[in-house]
Amino acid sequence: MELAEELQINGEGEEMDREPLPELPRREPHLYRNHFGGTVRRKAYIFDGHGDFYNKEWDLTEGRGNEFCWYHVELPKGPQKLSQSAQQLIGVLCPPLKLQDILSLVSNGPFCGHVDGALVFRVNSPGPPASDFTFRIAARITEHSVITVSLGRVPRLGFSPVGESLLSEIPSVESPTNLRGEQKERDGIVIREHVLEFLLTMNHSEEADNPVPKSVSNLVVHIIDTHVDHLQDVVTKLEIELDSVELELDKGGFALKKQMLDDRRFPKMHVNLQRLLQVIAHGEQVFPRVKEKCSTKQWFSGEDVNSLEELTGRLRRLKDNVGFIANRVTAIQAGLDSWQAEQINKKLYYLSFLSIVFLPLSIITGVFGMNVGGVPWTGQNDPTLKNGFRNVMLLCIFMLLLALLCFSFPALYSRIVTWQRRRILRRSWSLNRKSFISRTHGIGVQERRGYLRL
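It should be emphasised that the depicted structure is a prediction, and the values quoted were computed from it without experimental measurement.

## Focus on the overall build of the protein
Check the secondary structure of the protein and you find 9 helices and 10 strands. Taken over 454 residues, the protein has a buried fraction of 37%. Within the protein, contacts between residues separated by at least 24 positions form 63% of all contacts whose residues are at least 6 apart in sequence. About 27800 Å² of surface is accessible on the protein, with carbon and sulfur atoms providing 57% of the total.

The following block contains the structure:
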């Protein structure tokens, strides 16, 4: 019953830290703390080449015969510089690795090539390390060992016993309490709602269901496969989030839409989608080159080369899916922008209506509030002041006509220019017509004389 409760949803629990065999003594995961900040998690496996694996010490040695080793370093997610990540790798992997190996693993951007005799590839996005849409995975591959570096936890990357898998258990749903406060007991593991929500966002099984690699080529395919699955999980979460947002927008009102506009939710989501597209584009550049270079290795099987080709095809389909999501986000943002423009137009309409109501009133109060003589209905009969109101009104009419002339001057100017052009065209056409008639008349006279001027 407690197995479902022990499932870590927030990603802090590491499934890689489980021991592969029950009879082996349980060891704590290797943690490397340094003065550069953060905790570097590291894990070492040794595979016998026959389907079994064991935990081993962190000595960075290679396997012998059919055995091969895997050393994984997990850099912490946080606001740290790239140089700090490089210093953390130097403290964990040196010796025996050299500085060129460290730089090839930790640098940003796509890369695939041979460094110091080993095949190195990386798919590192240059985004902020603390972002959920920044992905970094790098690997150094030799015939008997693999060293990988990731930013944060990669789901399903490690291995654990099959008996510890939640997916292999018989599930049971929590029964609601009845009126007497009693609860029915059912057989099986109780699956809570938040656990189901987490499992529905996964595009893969748990670590316990991972097939144990029997060769280095199987391990390389497994590493790339988990990276693609990780990207697929993020895309699935985005689709679920976008569906819920669309439902909220359909049911929500003014306050919800204004809150989304103020929070800039969809522009931020669009930026995250662009980062995700960049990671997928890096994978499209790197993984075909990995396939080409691995196909020349004798220890890399042809079946795994085909698997790499299938993973590249999955990336292309995933890129198309992310493009569709980006179009949906753009459409929703356009709808919110049009809604905001409509709200502004309504406010301007109300303001214009108020202006229409109060503008005549303000004109009347301004006219009868003038400090001049001769204002009607005020009893000002002084002959020396009776023309003051008339003069002020004439001045106002003059200023009004001047303002109207200034506003209508561009239209008048364009009409005058158009009329002048038409006049010039008519004059030129009349002149051309007269010259044409004179020329045709001369040609007729020449034809009658029997000659035609060329």
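## A closer look at empty space enclosed by the protein
Applying the stated rule across the entire model yields 4 cavities of 30 Å³ or more. Here the lining of the largest cavity is built from residues that sort into 8 nonpolar, 3 polar and 1 charged.

## Thoughts on the nonpolar core
If you look at the biggest cluster of nonpolar residues, it comprises 58 residues, and the most contacted ones within it are Trp-70, Phe-121, Phe-266 and Leu-276. Listed by contribution, the elements that provide at least two residues to this core are strand 2 (39-47), strand 4 (68-75), strand 6 (118-124), strand 7 (136-141), helix 5 (216-251), helix 6 (254-263), helix 7 (265-295) and helix 8 (302-368). Looking at this core, the element that brings in the most residues is helix 5, giving 14 residues. Ignoring sequence-local partners within four residues, the contact set of Phe-121 consists of Phe-111, Cys-112, Ile-137, Ala-138, Ala-139, Ile-141, Ile-224, Val-286, Phe-287 and Val-290. Core analysis: the second largest hydrophobic core is formed by 23 residues, Ala-44, Leu-75, Leu-105 and Leu-151 among them.

## Observations regarding the pairing of strand 8 (residues 145-151)
A large share of strand 8 lies buried, amounting to 7 of its 7 residues. In strand 8, alternate side chains face the same way, and those of Ser-145, Ile-147, Val-149 and Leu-151 on one face and Val-146, Thr-148 and Ser-150 on the other are all buried. As judged from the 7 bridges shared by strand 4 and strand 8, these two strands associate in the parallel manner. In the strand pairing of strand 8, Glu-74 is matched with Ser-150. Inspection of the sheet shows strand 7 paired to strand 8 by 5 bridges, in the antiparallel sense. Paired with Ala-138 across the two strands is Val-149, which belongs to strand 8. Hairpin remark: strand 7 followed by strand 8, antiparallel, with 3 residues in the connecting loop.

## Brief notes about the pairing of strand 7
For strand 7, the buried fraction is high: 6 of the 6 residues fall into the buried class. With burial as the criterion, each face of strand 7 is covered, one bearing Arg-136, Ala-138 and Arg-140 and the other bearing Ile-137, Ala-139 and Ile-141. Relative to strand 7, strand 6 runs antiparallel, the two being bridged by 6 bridges. The partner of Val-123 across the bridge, within strand 7, is Ile-137.

## Examining the environment of Val-234
You can see Val-234 is positioned in helix 5. Placed 42 residues apart in sequence, Val-234 and Leu-276 show a C-alpha to C-alpha distance of 8.9 Å. In this structure, Val-234 is in contact with Phe-133, Phe-135 and Leu-276, ignoring residues within four places of it in sequence.

## Observations regarding a nonpolar patch on the surface
Taken together, the side chains of Leu-395, Phe-398, Met-399, Leu-402, Leu-405, Leu-412 and Ile-416 define a hydrophobic patch exposed on the protein surface, amounting to about 680 Å² of accessible area. Mapping Ile-416 onto the fold places it in helix 9 (residues 388-449).

## What to know about the packing of aromatic side chains
Applying the stated criterion across every chain, the model contains 10 aromatic pairs. Ring geometry for Phe-254 against Trp-339: centres 5.4 Å apart, planes inclined by 55°, an arrangement best described as tilted. One end of the pair, Phe-254, is in helix 6; the other, Trp-339, is in helix 8, with 85 residues separating them in the sequence. The exposure class assigned to Trp-339 is buried, which follows from its relative accessible area of 14%. By the ring-pair criterion, three or more aromatic residues cluster together here, those being Tyr-45, Phe-47, Phe-53, Phe-68 and Trp-70.

## As for the environment of Met-269
Turning to its location among the elements, Met-269 is positioned in helix 7. C-alpha separation for the pair Met-269 and Ala-326, spaced 57 residues apart in sequence, amounts to 8.5 Å. For Met-269, the contacting residues outside a window of four places in its chain are Leu-238, Glu-241, Leu-242 and Val-329.

## Considerations on the packing of helix 6 against helix 8
Helix 8 packs onto helix 6 with a crossing angle of 115° between their chain directions and a minimal axis gap of 11 Å. In this structure, helix 6 crosses over helix 8, and the sense of that crossing is left-handed. Contact residues: helix 6 offers Phe-254, Lys-257, Lys-258, Met-260 and Leu-261, while helix 8 offers Gln-333, Leu-336, Asp-337, Trp-339, Gln-340 and Gln-343. Within the contact of helix 6 with helix 8, the residues separate by chemical class into 5 nonpolar, 3 polar and 3 charged.

## Quick look at the pattern of salt bridges
What the rule picks out here adds up to 11 salt bridges. Among the ionic pairs, Arg-328 bridges to Asp-243, the shortest N-O distance being 2.8 Å. A residue pair is termed long-range when its members are at least 10 positions apart, and Arg-328 in helix 8 and Asp-243 in helix 5 qualify at 85 residues. The partner of Glu-284 in a salt bridge is Lys-319, and the shortest N-O contact between them spans 3.4 Å. Here Lys-319 lies in helix 8 and Glu-284 lies in helix 7, a separation of 35 residues in the sequence. By relative accessible area, which is 21% here, Glu-284 ends up partly exposed. Under the relative-accessibility criterion, Lys-319 is labelled partly exposed at 33%. In this structure, a network of salt bridges that share partners links the residues Asp-225, Asp-229 and Arg-314.

Reading the values: rules and limits
Residues numbered from 1 in each chain as written. Predicted model: local features only at pLDDT ≥ 70, side-chain atom pairs only at ≥ 80, totals over all residues. Heavy atoms only, no water. Helix = DSSP H or I, 4+ residues; strand = E, 2+ residues; numbered from the N terminus. Buried < 20%, exposed > 50% of the residue type's maximum accessible area, 1.4 Å probe, protein only. Contact = heavy atoms within 4.5 Å. Areas by Shrake-Rupley, 256 points an atom, 1.4 Å probe, with all protein chains shown as cover. 1 Å grid on protein atoms, 1.4 Å probe; cavity = no way out; pocket = protein on both sides within 12 Å on 5 of 7 lines; lining within 4 Å. Points joined across faces, edges and corners; volume = space filled by probe spheres on them. Nonpolar A, V, L, I, M, F, W, Y, C, P; charged D, E, K, R; others polar. Core = buried A, V, L, I, M, F, W, Y, C linked by side-chain atoms within 4.5 Å. Pairing = 2+ DSSP bridges. Patch = residues over 30% accessible without salt bridge, like charges linked within 9 Å, V, L, I, M, F, W, Y side chains within 5 Å. Salt bridge = Lys/Arg side-chain N within 4 Å of Asp/Glu carboxyl O. Phe/Tyr/Trp six-rings, centres within 6.5 Å; stacked < 30°, edge-to-face > 60°. Axes fitted to C-alpha atoms, helices over the stretch in contact; angles between N-to-C directions. Left-handed = near helix turned anticlockwise from the far one by under 90°.

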